[in-house]
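Chain and residue survey
One-letter residues, chain by chain:
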Amino acid sequence: MRWQNSLRAAALAAMLVAVGAVADASPPAAPEPTPVAANGKLSVCGNTLCGSSGAPVQLRGMSTHGLQWYGQCVNNDSLDALAHDWQADVLRISMYIQEGGYEEDPERFTAMVNQYVEAATQRGMYAIIDWHMLDPGDPNYNLERAKTFFAEVARTHRDKPNVFYEIANEPNGVEWSAIKSYAEQVIPVIRAQDPDSVVLVGTRAWSSLGVSDGADEQEIVDNPVDADNILYTFHFYAASHGEEYLRALSRAADRLPLFVTEFGTQEASGDGGDDFGMAQRYLDLMAEKNISWTNWNFSDDHRSGAVFEEGTCDSGPYTGTDPLKPAGVWVRERVR
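The following refers to the structure shown. (Residues numbered from 1 in each chain as written. Predicted model: local features only at pLDDT ≥ 70, side-chain atom pairs only at ≥ 80, totals over all residues. Heavy atoms only, no water.)

Quick word on the overall build of the protein
Scanning the protein for helices and strands turns up 13 helices and 11 strands. By the compact-globule yardstick of 20 Å for 336 residues, the protein fits well, its C-alpha radius of gyration being 18 Å. In terms of principal-axis extent, the alpha carbons of the protein reach across some 50 × 45 × 45 Å. Split into buried and exposed, the 336 residues of the protein put 60% on the buried side. (Helix = DSSP H or I, 4+ residues; strand = E, 2+ residues; numbered from the N terminus. Rg over C-alpha atoms; globule rule 2.2 N^0.38 Å. Buried < 20%, exposed > 50% of the residue type's maximum accessible area, 1.4 Å probe, protein only.)

Here it is as structure tokens:
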């Protein structure tokens, strides 16, 4: 997803204030049992996630927008709403690498991610650390940055039971072999610090399992990443990605462990009209196949895919349906 860099300057000051607020304030205790209290440390069993008891688990939650633009939307009040009002299981923390993100200030963005992981942990939610590479589309362009970042965050969070590492958001313009090579170099860096956590691996053609490039899941089935305890990611936007994509997800779920870390009810741009009918078909399939998901995105961006009405992040409120766009109302109901 490409978003306008013109937002950067206006959002930066608010972002820094919001990060400080999340770090400094203690949230109210989440009701028991929280998702983490109920399920413990998750692992991949067969083609799905399982809790510490061995029972299958489906996580449902939200992805942030890019932290460099909409970090102010991730604050104590909004996270309380996500954990308690929405009853979400998981928060995906989307840190862009380019477009004003990690590449420009690794220390600051690493600190932001760590603080948001702590905030999710305090509320009993799972946290996905999303290495949001997008342009350039070859994840190997950022290989050394990724090794540095994931070594740091895995060392910081190695003792937590709730952290996932998503190592490549939407690879594009490259073959599966290049993505696999990248994954097999980054995963050992994480495992050296945090041996037991789940790693999420992006797939070809904007995490479409290759469908957007005319391929399909078979290339991964034939040549899987050489690592255990991993899930492959799939992204869809219901108004753009119809039957072909839905069928690919259904087939792949019978052969590969999957996590839909990003989806929208609208077009692939994150904007335009909502196709709630097709989106519901995807959600029904994910429930049937026990595929976890996070929706894009938890912000007040002007696009239809942002769940909050514009201006909400200035002061809230975040609970209930009044501050939500139509997609937000729909997604909140299904998270709950």
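Next, the rest of the story.
Comments concerning the pairing of strand E6 (residues 126-132)
Of all 7 residues making up E6, 7 are buried, and the element is well covered by its neighbours. Here E6 shows no split at all, with Tyr126, Ile128, Asp130 and His132 on one side and Ala127, Ile129 and Trp131 on the other all buried. For the crossover that starts at strand E5 (residues 90-96), traverses helix H5 (residues 106-122) and ends in the parallel E6, the hand is right-handed. Handedness of the crossover is the feature at issue here: the chain leaves E6, passes through helix H6 (residues 143-157), returns alongside strand E7 (residues 163-166), and the resulting connection is right-handed. (Right-handed = clockwise from strand over helix to strand, strands pointing away.)

Points about the sheet that holds strand E2 (residues 48-50)
Ordered by their spatial adjacency, 3 strands build an open sheet running E1-E2-E3, and the pairing between neighbours is antiparallel. Only two strands of the sheet have a single partner each, and these edge strands are strand E1 (43-45) and strand E3 (56-57). Summarising the sheet, E1 and E2 pair through 3 bridges and their orientation is antiparallel. Across the sheet, the residue bridging to Val44 is Leu49, located in E2. (Pairing = 2+ DSSP bridges.)

Some details on the nonpolar core
Within the largest apolar cluster, 89 residues are counted, with the highest numbers of intra-cluster contacts made by Trp131, Phe150, Ile167 and Val201. Sequence-distant contacts of Val201, that is, excluding residues within four places in its chain, are made with Ile167, Trp176, Ala183, Ile187, Val225, Ile230, Leu231, Tyr232 and Thr233. With 13 residues, the next largest nonpolar core counts Val57, Leu59, Tyr126 and Phe164 among its residues. (Core = buried A, V, L, I, M, F, W, Y, C linked by side-chain atoms within 4.5 Å. Contact = heavy atoms within 4.5 Å.)

Details of the state of the cysteines
Summed over all chains, the structure comprises 2 disulfides. Two residues share a disulfide in this structure: Cys45 and Cys50, whose sulfurs sit 1.7 Å from each other. In this structure the cystine formed by Cys45 and Cys50 twists about its S-S bond by roughly 55°; its chirality is therefore right-handed. Each sulfur in the disulfide pair Cys73 and Cys313 lies 2.1 Å from the other. (Disulfide = S-S within 2.5 Å.)

Topic: empty space enclosed by the protein
Where empty space is left can be seen by rolling a probe of water-molecule size over the atoms. Per the stated rule, a full pass over the model turns up 2 cavities of 30 Å³ or more. Considered as a void within the structure, the largest cavity measures approximately 40 Å³ in volume. Here the lining of the largest cavity is built from residues that sort into 5 nonpolar, 1 polar and 1 charged. Computed from the structure, the second largest cavity encloses a volume of approximately 30 Å³. Breaking the lining of the second largest cavity down by element, the ones donating at least two residues are strand E11 (292-296) and helix H13 (326-335). In terms of residue count, the dominant contributor to the lining of the second largest cavity is H13 (3 residues). In terms of residue class, the lining of the second largest cavity is made up of 4 nonpolar, 6 polar and no charged. (1 Å grid on protein atoms, 1.4 Å probe; cavity = no way out; pocket = protein on both sides within 12 Å on 5 of 7 lines; lining within 4 Å. Points joined across faces, edges and corners; volume = space filled by probe spheres on them. Nonpolar A, V, L, I, M, F, W, Y, C, P; charged D, E, K, R; others polar.)

Remarks on the environment of Arg145
You can see Arg145 is positioned in helix H6. The class for Arg145 is partly exposed, based on a relative accessible area of 27%. With 42 residues separating them in the primary sequence, Arg145 and Glu103 have C-alpha atoms 8.0 Å apart. Once residues within four sequence positions are removed from consideration, Arg145 is found in contact with Ile97, Gln98, Tyr102, Glu103 and Trp131.

Structural notes on the sheet that holds E6
The strand order around the closed barrel formed by 8 strands is E4-E5-E6-E7-E8-E9-E10-E11, and the pairing between neighbours is parallel. The sheet shows a mean angle of 25° between the axes of neighbouring strands, direction not considered. Here E7 pairs with strand E8 (residues 199-201) via 2 bridges, running parallel. Along E8, the bridge assignment pairs Tyr165 with Val199. (Axes fitted to C-alpha atoms, helices over the stretch in contact; angles between N-to-C directions.)

Some words on the packing of helix H11 (residues 276-289) against H13
Where H11 meets H13, the axes come as close as 12 Å, and the angle between the chain directions of the two elements is 20°. Viewed along their axes, H11 and H13 adopt a mutual orientation that is roughly parallel. In terms of crossing hand, the pair formed by H11 and H13 is right-handed. Contacts between H11 and H13 pair Phe276, Ala279, Gln280 and Leu283 from the former with Pro326, Ala327, Trp330 and Arg334 from the latter. Class assignment of the residues belonging to the contact of H11 with H13 gives a composition of 6 nonpolar, 1 polar and 1 charged. (Parallel < 35°, antiparallel > 145°, perpendicular 65-115°, else oblique. Left-handed = near helix turned anticlockwise from the far one by under 90°.)

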